[in-house]
Amino acid sequence: MKKRILAVDDSASIRQMVKLTLSGAGYDIVEAGDGAEGLSKARATPLDMVVTDLNMPVMNGLGLIRELRKLPAYRGVPILFLTTESDAEMKRQAKAAGATGWITKPFQQDQLVAIVRKVLG
Amino acid sequence: MPPTDPEQVFLQEAQELLEQLEHTLLDLERGPGDGELIDTAFRALHTIKGSGAMFGFDAVAAFTHHVETAFDLVRKGQVVPTGELIAVALAAKDQMRVLIDDPASANQTVGEAILGDLARLIGAAARHPPGEAAPNAGDPPETGEAHWRIRFRLPADAMSTGTNPLLLLDDLRTLGPASVNALTDGVPPLEVIDPALSYLRWDVTLRTTQPRSAIEQVFLFVIDDMELDIAPIAAPSPGLAAAGLTQAGLTQAGLTQAGLTQARLTQAGPTQAGPTQAGPTQAGPTQAGPTQAGPPTPGPPAPDPAVTATTAAAPPPPPQAVPPPGRAAERHEFQAADTIRVPAERLDELMDRVGQLVIAQSRLKEIAAASNDAAMKSVTEDIERLSLELRDTTMGVRMLPIGQLFGRFRRLIHDLARDHGKHIELVTVGEETELDKTVIERLNDPLIHLIRNAVDHGLEDPAGRAAAGKPLTGRVTLSARHVGSGVLISIADDGRGLDRARIRARAEETGLFAPGARISDSELFQVIFQPGFSTAREVTSLSGRGVGMDVVRRAIEGLRGNVDIASTAGAGSEITLRLPLTLAIIDGLLVRVGRGRYVIPLSAVEECVELSMEEDARSRGRNFLNIRGDLVPFLRLREMFNAATPADRYQKVVIVSAGELRVGLVVDQVIGDHQTVIKSLSKLHEDVEIFSGATILGDGTVALILDIAHLVEYGQRTGERLLAAS
């Protein structure tokens, strides 16, 4: 069975790229435009992994990560966040919220696939 | 289909973000302390930068980075968003647009000037963007193959945050042959074991050509919280290497066993482990179920399983289920709506098809009318109803709220106010009024002209306003509302109003009116729409060149609308545009003149009256009709169109109006209402003013559509000539 990944980003272009890249690499992609939508999709569909932006309206990435980690079903599911911040503080906060790792924007498509494979196997 | 190419998606997204940024900045100018606005602006910049860099728009990304940095400081409360900062940010936004649309034409000096201003405003911080972390300094030189000993222990909660230790070991093995030894000395007795925690330590010997950084890279996500010791070691002897290999096999088995043991322990434990313990790769829907939930103690408290079950079983809430709090609700246009993007040309195509359907349907209607087949008549009526509904739905799809257009003018007003040193407030009313998208697009330029005129000629400067006893801030009001099958859009200012005397003097000078003639205000104000008419003594950068108002009128008439002016000296002017809702299909009145059939837009028709023979004879040469006491000039279309057939005994007069003026059109027969699908005339016929287009009738013949604005004007002119002569 294909592994299912939730891609959360308020930028449609990034979502599109993540989707094209990861579906090309053999994953199923579910999309969401903000943290709240991401959370409701995660509740509705079992996911193998979450890739989320941090800076988003309605519910930001940190909020999403915290909420997901509160759900028993998502306690061990890898969560990657996208970040452009070279600011270590943001990374620290996201890690503290329970993220597994990060992808630094801008990234190449093969980098994205490599990181997802690294974390998801 | 919406574009699937991420780069195209980015371009579209960037346009929207820039527009949103502009709105937000303008809102921020009014409420500089609004944290949510600051966040919205920052997010827009952040996304433009991030996505821009992603899709190769490096110049945009680099430029936006500085603006983003500035807004980060604003966000952190270190910099106050002053009017000056917002003005620079708006300029920066324009520069970003240029960089996105046409990077080649971007003027670097402009960009640097903007960044210079920005840096000055926020202090030195922006000049030193945070740099990337320095590359690792202690890397051993890359001299072919090396042996490493790697000893590590993962953070205890690594697995509950999604790290799978087995995958890390796999990752290490991709660097070269490795022997892995799991050290189980840290695993506690069964009764105190927490299946969600990681207790193992590993000792790995790795042979690789990769540098130390590649090994560290494996642990990238956990390296800050783990124990990790990476040390180069001397090459083991061949014998040892062989033994190592064996050992590697053994330890791998050991590791697997250790993993198994832990898994078994988990199952045997007092509580069943959730997917946390089983590892992400096995986290399927069944294991994720609430029955297995609830590992005790560490980590966040586990929610009530029943609650989880309910939420999991509940249908997914619709997107946007969480309403944005507070003022965000008002700015709903910034939220991604539950909509589908469709290229505009596809809508045009759809409208065209519906038009063809309406034409085919009217043919069917004619055939059915001539037939006695009741079943056919019934199905024809159904098709007529459905095609009308389809037409309305399709037109509805093309409708956009005019607020989108009004929103664009906020920036214009902002810039005009700054350039003129005037204080201006823009008030918009009826932003939700919907209009056909083509009409909205074509309204942009005329409205810009009118707003510029209002600011340049209408509104006084603060000193002038103070002298006139008015509030210092002038007001420009844009409003829109539906009236019948059309929309009224007005641009009003509370400035000095039109200068009657000056317009009159200028009109007489240029021979538009005879000196001393009696002229109503409405007529007098119409002259400002004459080509080349200007009373401005000096030409400013914005208006006064005498081009503009006639262009505005032509543009509005091109949309089958008309323009009215009202003005009160000292109190301001109001220009009203009356526009049809759509350009594609109109309700028309079909009339016959001689053998030809013509369509009069129904929205312009006021009434139809009969012109009896004697009245006709009496009015010969005068061509005025008495409509309840008003003299209305009329035009004999038979004469205008050189109809060759004998006139009908009872001629009909269709009274049409454009603005406040009326004129009667004498026709042979009023056939009835007609769904008119408008086809434009060819370029060859562009200069035929009295027809605005053509349509195809049910029997396949062509009917011309009368241009009422021109006919009314023509009729009034003829009427005035006759009046003057009598």
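Everything that follows concerns the structure shown earlier in this document.
Residues numbered from 1 in each chain as written. Chains lettered and ligands numbered in written order. Predicted model: local features only at pLDDT ≥ 70, side-chain atom pairs only at ≥ 80, totals over all residues. Heavy atoms only, no water.

What is the right way to look at the nonpolar core in this model?
Generally speaking, nonpolar side chains in soluble globular proteins are found buried as a group. Ranked by internal contacts, the top residues of the largest apolar core, which has 86 residues, are I5, L22, L68, L80 and V116 of chain A together with F71 and M96 of chain B. Considering each element in turn, this core owes the most residues, nine residues, to helix 4 (residues 83-101) of chain B. Apart from the residues within four sequence positions on either side, L80 of chain A is in contact with M49, V50, V51, T52, G101, W102, I103, I115, V116 and V119 of chain A together with F221 of chain B. One finds V439, F525, I575 and L577 of chain B within the second-largest nonpolar core, a separate group that totals 42 residues. (Core = buried A, V, L, I, M, F, W, Y, C linked by side-chain atoms within 4.5 Å. Buried < 20%, exposed > 50% of the residue type's maximum accessible area, 1.4 Å probe, protein only. Helix = DSSP H or I, 4+ residues; strand = E, 2+ residues; numbered from the N terminus. Contact = heavy atoms within 4.5 Å.)

What exactly am I supposed to notice about the packing of aromatic side chains here?
When we look at a pair of aromatic rings, we describe it by the centre distance and by the angle of the planes. All names here are of chain B. Here the structure, examined in full by the defined rule, presents nine aromatic pairs over all chains. Taking the centre distance of 5.5 Å and the plane angle of 40° together, the rings of F641 and F691 count as tilted. Residue F641 is located in the loop between helix 20 (637-640) and strand 17 (651-658), and its partner F691 is located in strand 20 (residues 691-696); the two are separated by 50 residues in the primary sequence. The burial state of F641 is the same as that of F691; both residues are buried. (Phe/Tyr/Trp six-rings, centres within 6.5 Å; stacked < 30°, edge-to-face > 60°.)

Would you mind showing me how to read the sheet that holds strand 3 (residues 49-53) of chain A here?
Neighbouring strands of a sheet are bound in pairs by backbone hydrogen bonds; such pairs are parallel or else antiparallel. Residues and elements named next belong to chain A. Pairing within the open sheet is parallel, and its five strands lie in the order 2-1-3-4-5. A strand with exactly one partner marks an edge of an open sheet, and here the two such strands are strand 2 (28-32) and strand 5 (101-104). The average angle at which neighbouring strand axes cross in this sheet is 20°, direction not considered. Of the pairings in the sheet, the one linking strand 4 (residues 79-83) to strand 5 comprises four bridges and is parallel in character. By the bridge assignment for strand 5, L80 is matched with G101. (Pairing = 2+ DSSP bridges. Axes fitted to C-alpha atoms, helices over the stretch in contact; angles between N-to-C directions.)

When you look at the pattern of salt bridges in this model, what are you seeing that I'm missing?
Pairing of side chains with opposite charge becomes possible as their charged atoms draw close. Residue and element names in this part refer to chain B. Under the definition given, this model contains 40 salt bridges over all chains. Among the salt bridges present, the one from R385 reaches D382, with a minimum N-O distance of 3.7 Å. Of this pair, R385 and D382 both sit in helix 12 (residues 374-397), separated by three residues, roughly a single helical turn. Notably, a salt bridge pairs R391 with D392, separated by 2.9 Å at the nearest N-O pair. When its relative accessible area of 9% is taken as the criterion, R391 is described as buried. One network of salt bridges, in which partners are shared, links E22, K93, D94, R411 and D415. (Salt bridge = Lys/Arg side-chain N within 4 Å of Asp/Glu carboxyl O.)

Can you help me understand unusual backbone geometry in this one?
With an omega of -5°, the peptide bond between K105 of chain A and P106 of chain A qualifies as cis. For V58 of chain A, which is not glycine, the phi dihedral falls at a positive 65°. For V58 of chain A, the location among the structural elements is in the loop between strand 3 and helix 3 (61-70). For N642 of chain B, which is not glycine, the phi torsion reads 50° and is therefore positive. Assignment of secondary structure puts N642 of chain B in the loop between helix 20 and strand 17.

Looking at this structure, I do not really get the packing of helix 3 (residues 58-75) of chain B against helix 5 (residues 108-122) of chain B. What am I missing?
Two quantities define a packed helix pair, namely the angle between the helix axes and the distance between the axes. Residues and elements named next belong to chain B. Put simply, helix 3 and helix 5 touch, their axes get as near as 11 Å, and they point 20° apart. The angle between the axes of helix 3 and helix 5 places the two elements in the roughly parallel class. The two elements helix 3 and helix 5 meet at a crossing, and its hand is left-handed. Listed contacts from helix 5 to F63, H66, V67, A70 and L73 of helix 3 are G111, I114, L115, L118 and I122. Counted by class, the contact of helix 3 with helix 5 contains eight nonpolar, two polar and no charged residues. (Parallel < 35°, antiparallel > 145°, perpendicular 65-115°, else oblique. Left-handed = near helix turned anticlockwise from the far one by under 90°. Nonpolar A, V, L, I, M, F, W, Y, C, P; charged D, E, K, R; others polar.)

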